[in-house]
Amino acid sequence: MTEPLREAIRGVWNRVDFADRRVSDTVDRTDIVGRLTGADYISLAALFVGWGSALLFFRGAPNWGLLVMFVAFFLDKADGWYARRTGTSSPFGRQIDSFIDIFAYLLPAALLYHVALAPSPVASLVVGFLLFAFGGLRLIRHTNEGFGSDGGDSYYHGTTVVHTNLLVVANYFLASFVGLWNGWLAGVLVGAACPLMVSDYKAYKTDLSHGLAAAVALAAGGLALAMELGYV
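First, a word on what this report is: a plain description of the structure on this page.

1. Comments concerning the packing of helix α3 (residues 38-58) against helix α5 (residues 91-117)
Contact pair α3 / α5: the axes reach a minimum separation of 9 Å and the direction vectors enclose 10°. Classified by the angle between their axes, α3 and α5 sit roughly parallel to one another. In the crossing of α3 with α5, the sense of the turn from one axis to the other is left-handed. From α3, Asp40, Ser43, Leu44, Ala46, Leu47, Gly50, Trp51, Ser53, Ala54, Phe57 and Phe58 reach across to α5, where they touch Phe92, Gly93, Ile96, Asp97, Phe99, Ile100, Phe103, Leu107, Pro108, Leu111, Leu112 and Val115. Taken together, the residues of the contact of α3 with α5 break down into 17 nonpolar, 4 polar and 2 charged.

Next comes the structure, spelled out in structure tokens:
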């Protein structure tokens with residue numbers, strides 16, 4: 001290194017005030033890690049598992065991807081249960097939960113369609129866009145508005161990303177067992193359902209609905225495992 005170049009680098013280094021680059025401890029600074037609760041760490045575990053399912057879809061293993069995805073589902077439900085049990089529910093936690101839902105529900109749904117159902121790259125492009133566009137808008141609205149209330153019963157505004165994800169899963173099984181079912185039909189059905197996520201439909205949040213979703217996930221996981229092991 002020549003001496004002029006060394007002097008130029010030293011001059012730039014001396015002009016940089018690294019202490020000035022750090023945000024001071026004021027009300028404008030958010031300590032993200034410090035604000036995380038136990039429920040938020042469960043959400044991050046769901047993110048880890050959801051990304052694992054995405055990698056399995058990328059590797060062309062849809063059945064294993066589904067099984068891992070359902071683990072992310074249950075972790076996503078566990079974080080809400082834990083937050084309510086410990087009294088740590090907050091708008092900040094809801095923002096984290098909505099962020100995680102992209103990787104627990106929307107990304108796996110788009111990849112499942114792309115890997116196992118899409119009859120063409122164009123179909124995959126359109127369906128994936130609709131899933132992310134309407135699903136993302138739905139999550140933004142939920143983060144902003146929270147739950148609605150109707151006579152003491154809470155509800156989601158519009159169908160949820162869980163409903164849409166399970167619709168893609170249902171189409172995967174239909175295409176696997178019903179000869180006339182194909183990726184075009186699946187794409188039309190999923191695409192038509194995506195706008196419902198930003199509709200005025202009231203999806204009530206009840207123990208029964210959560211129980212049904214869990215039962216469907218367990219049944220679908222069992223069927224995916226049976227398919228992978230060659231029993232069906």
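From this point, the narrative continues.
2. What about the packing of aromatic side chains?
Following the criterion strictly, the structure yields 6 aromatic pairs and no others. Among the aromatic residues, ring-to-ring pairing joins Phe70, Phe73 and Tyr105 into one connected group. Over the aromatic face of Phe147 sits the side chain of Lys205, whose NZ or CZ is 5.2 Å from the ring centroid.

3. Overview of a nonpolar patch on the surface
The grouping of Trp64, Leu174, Phe177, Val178, Leu180, Leu225, Leu229, Tyr231 and Val232 at the surface amounts to a nonpolar patch, some 920 Å² of accessible area in total. At the level of elements, α7 (161-177) and α9 (207-229) are the ones that each hand at least two residues to the nonpolar patch. Looking at the secondary structure, you find Leu180 in the loop between α7 and α8 (183-193).

4. Side note on the environment of Asn63
For Asn63, the position within the fold is in helix α4 (residues 62-86). Among the residues examined, Asn63 registers a relative accessible area of 8% and is labelled buried. Residue contacts for Asn63: discarding those within four places in its chain leaves Tyr172, Ala224, Met227 and Glu228. A polar contact is formed between the side chain of Asn63 and the side chain of Tyr172, at a distance of 2.7 Å. Separated by 3.2 Å, the side chains of Asn63 and Glu228 make a polar contact.

The rules behind these values
Residues numbered from 1 in each chain as written. Predicted model: local features only at pLDDT ≥ 70, side-chain atom pairs only at ≥ 80, totals over all residues. Heavy atoms only, no water. Axes fitted to C-alpha atoms, helices over the stretch in contact; angles between N-to-C directions. Helix = DSSP H or I, 4+ residues; strand = E, 2+ residues; numbered from the N terminus. Parallel < 35°, antiparallel > 145°, perpendicular 65-115°, else oblique. Left-handed = near helix turned anticlockwise from the far one by under 90°. Contact = heavy atoms within 4.5 Å. Nonpolar A, V, L, I, M, F, W, Y, C, P; charged D, E, K, R; others polar. Phe/Tyr/Trp six-rings, centres within 6.5 Å; stacked < 30°, edge-to-face > 60°. Lys NZ or Arg CZ within 6 Å of the ring centre and 35° of its normal. Patch = residues over 30% accessible without salt bridge, like charges linked within 9 Å, V, L, I, M, F, W, Y side chains within 5 Å. Areas by Shrake-Rupley, 256 points an atom, 1.4 Å probe, with all protein chains shown as cover. Salt bridge = Lys/Arg side-chain N within 4 Å of Asp/Glu carboxyl O. Buried < 20%, exposed > 50% of the residue type's maximum accessible area, 1.4 Å probe, protein only. Polar contact = N/O pair within 3.5 Å; in protein donor to acceptor, adjacent residues only side chain to side chain.

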